[in-house]
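Architecture at a glance
Chain by chain, the residues:
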Amino acid sequence: MVLLGCLGLATQKAAAQRSRIWRVAYLVSGRSSATAPVIKDTLRSLGYEEGKNLVFDVREAEGRYSALPELMRQLLQSKPDVIIAEATPAIAVAQKATSTIPIVMSPSTDPIGSGFVKSFAKPGGNITGVANMFGDLTAKTLDIVRLVFPNVRTLGVLTSNNPTHPALFEVARHAAAKIGISADRYIAPNPEDVKKAYQDMSDAGCDVVYVLADPIRPSLPSIALEYQLPSVFQVNSYTELGGLMSYGPDILPLFVKAAHYVDRILKGGNPAEIPVEQPTQFVFAINLRTAKALGLSIPENVLIMADKVIE
């Protein structure tokens, strides 16, 4: 009788799980047009479908980070079961807003240094998810810059108000100094400030621009071309938009992983005990059309290194 009772309770619990409508909130530092479909497609493959058992609520700041607290407030009104937070600005706002609702980072640049988790193996709170390792790739990226631009002397490092950027700039500055390049920081707080930052870098005589990881600012490659400033990006999506070169983790698979984190949590997983994952796929991409527009010839040894060449 006891066994039958337990089986009955388990069956009822499984039925309740299947019939429940799950609410997933997605707080986006940039834009969601590329990432939200990836997350929703993956959730669909895992059995969650909008209109049946899933409500997927999106709010996007479009690069204006001051808007994030109000967007987070709006998302909390629907009482989500899980929050996905895209990039450090959104993760920080979500962390401040709730210590009880599970938060999935997608991705975070420095989860431990930012105070989001205690360790990768055991996050210890209501936050888990994926990291991106941008800081770890900086030295290799600047070695590539030296190969392509052997006479480079001054590097402009483009940043925003992303809270990880001061530390990432220091990493870039030290890595540049080791190979004889001086680096200066230029801040574009919002997307509309990018053109002014490029004007400042042009006036300062920067030879190359290193664009730190941030949610995509679509106009950035065309502005770089307008000022004839070769720009190297941490985020690999930029080369598809006309950026010259990029080296970093393959971004979209990180959002596939985020959906799997959501699934684990909705099935009862405790974010405090779910390890943070780091990317395993990295892409070095070159856009030869942009190189031609800039009057650049990419050395053969660099082309051989590339995972992706856009012609």
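See the structure printed just above.
Report on the accompanying structure.

Before going further, it helps to spend a moment on the sheet that holds strand β9 (residues 231-233). Read from one edge of the open sheet, seven strands run β7-β6-β8-β9-β10-β11-β12, paired in mixed fashion. The sheet is open, and its two edges are formed by β7 (182-187) and β12 (308-310), each paired on a single side. Across the sheet, the axes of successive neighbouring strands diverge by a mean angle of 20°, strand direction being ignored. Pairing of strand β10 (residues 245-249) with strand β11 (residues 282-287) involves five bridges; the strand directions are antiparallel. The partner of Ser246 across the bridge, within β11, is Ala285. Contacting β6 (154-159), β7 and β8 (208-211), helix α6 (residues 165-178) crosses the sheet at an angle of about 160° to β7.

The sheet built from five strands is open, its strands ordered β2-β1-β3-β4-β5 with parallel pairing. A strand with exactly one partner marks an edge of an open sheet, and here the two such strands are β2 (54-60) and β5 (127-131). Strand-to-strand twist across the sheet, computed as the mean angle between neighbouring axes with direction ignored, equals 15°. For strand β1 (residues 22-28) and strand β3 (residues 82-86), the ladder comprises five bridges, and the chain directions are parallel.

Let's shift gears to the nonpolar core. Core analysis: the largest hydrophobic core is formed by 45 residues, its most contacted members being Phe56, Leu158 and Tyr198. Only β1, α2 (35-45), β2, β3, α7 (194-203), β8, α8 (220-226) and α10 (252-266) provide two or more residues apiece to this core. Element by element, the count of residues in this core is highest for α10, at eight residues. One finds Leu155, Ala175, Val208 and Ile298 within the second-largest nonpolar core, a separate group that totals 30 residues.

Before going further, it helps to examine the packing of aromatic side chains. Under the definition given, this model contains three aromatic pairs. Ring geometry for Tyr247 and Phe284: centres 6.4 Å apart, planes at 85°, overall edge-to-face. Of the two residues, Tyr247 sits in strand β10 while Phe284 sits in strand β11, which places them 37 residues apart along the sequence.

Attention shifts here to unusual backbone geometry. Ser106 connects to Pro107 through a cis peptide bond whose omega is -20°. Of note, Glu62 is a non-glycine position whose phi angle comes to about 55°, a positive value. In this fold, Glu62 is placed in the loop between β2 and α3 (68-76).

Looking now at the pattern of salt bridges. As enumerated under the stated definition, the model contains 14 salt bridges in all. Residue Glu70 pairs with Arg73 through a salt bridge whose shortest N-O separation is 2.7 Å. With Glu70 and Arg73 both in helix α3 and three residues apart, the pair spans about one turn of that helix. Arg73 gets classed as partly exposed once you look at its relative accessible area, which sits at 42%. We note a salt bridge from Asp263 to Lys267, for which the minimum N-O separation is 3.3 Å. The class for Asp263 is buried, based on a relative accessible area of 8%.

Approximately 500 Å³ is the volume found for the largest pocket. Along the wall of the largest pocket there are 24 residues; nearest its centre are Glu86, Pro215, Ile216, Val235 and Ser237. When contributions to the lining of the largest pocket are tallied by element, the ones reaching two or more residues are α4 (87-97) and α10. When the residues that make up the lining of the largest pocket are grouped by side-chain class, the tally is 13 nonpolar, eight polar and three charged. Residue lining of the second largest pocket: 16 residues in total, with Thr109, Asp110, Pro111, Gly135 and Leu168 positioned closest to the centre. The element that contributes the greatest number of residues to the lining of the second largest pocket is α6, accounting for three residues. In terms of residue class, the lining of the second largest pocket is built from nine nonpolar, five polar and two charged.

Calculation notes
- Residues numbered from 1 in each chain as written.
- Predicted model: local features only at pLDDT ≥ 70, side-chain atom pairs only at ≥ 80, totals over all residues.
- Heavy atoms only, no water.
- Pairing = 2+ DSSP bridges.
- Helix = DSSP H or I, 4+ residues; strand = E, 2+ residues; numbered from the N terminus.
- Axes fitted to C-alpha atoms, helices over the stretch in contact; angles between N-to-C directions.
- Contact = heavy atoms within 4.5 Å.
- Core = buried A, V, L, I, M, F, W, Y, C linked by side-chain atoms within 4.5 Å.
- Buried < 20%, exposed > 50% of the residue type's maximum accessible area, 1.4 Å probe, protein only.
- Phe/Tyr/Trp six-rings, centres within 6.5 Å; stacked < 30°, edge-to-face > 60°.
- Salt bridge = Lys/Arg side-chain N within 4 Å of Asp/Glu carboxyl O.
- 1 Å grid on protein atoms, 1.4 Å probe; cavity = no way out; pocket = protein on both sides within 12 Å on 5 of 7 lines; lining within 4 Å.
- Points joined across faces, edges and corners; volume = space filled by probe spheres on them.
- Nonpolar A, V, L, I, M, F, W, Y, C, P; charged D, E, K, R; others polar.

Function cannot be inferred from these measures alone, as they are strictly geometric.
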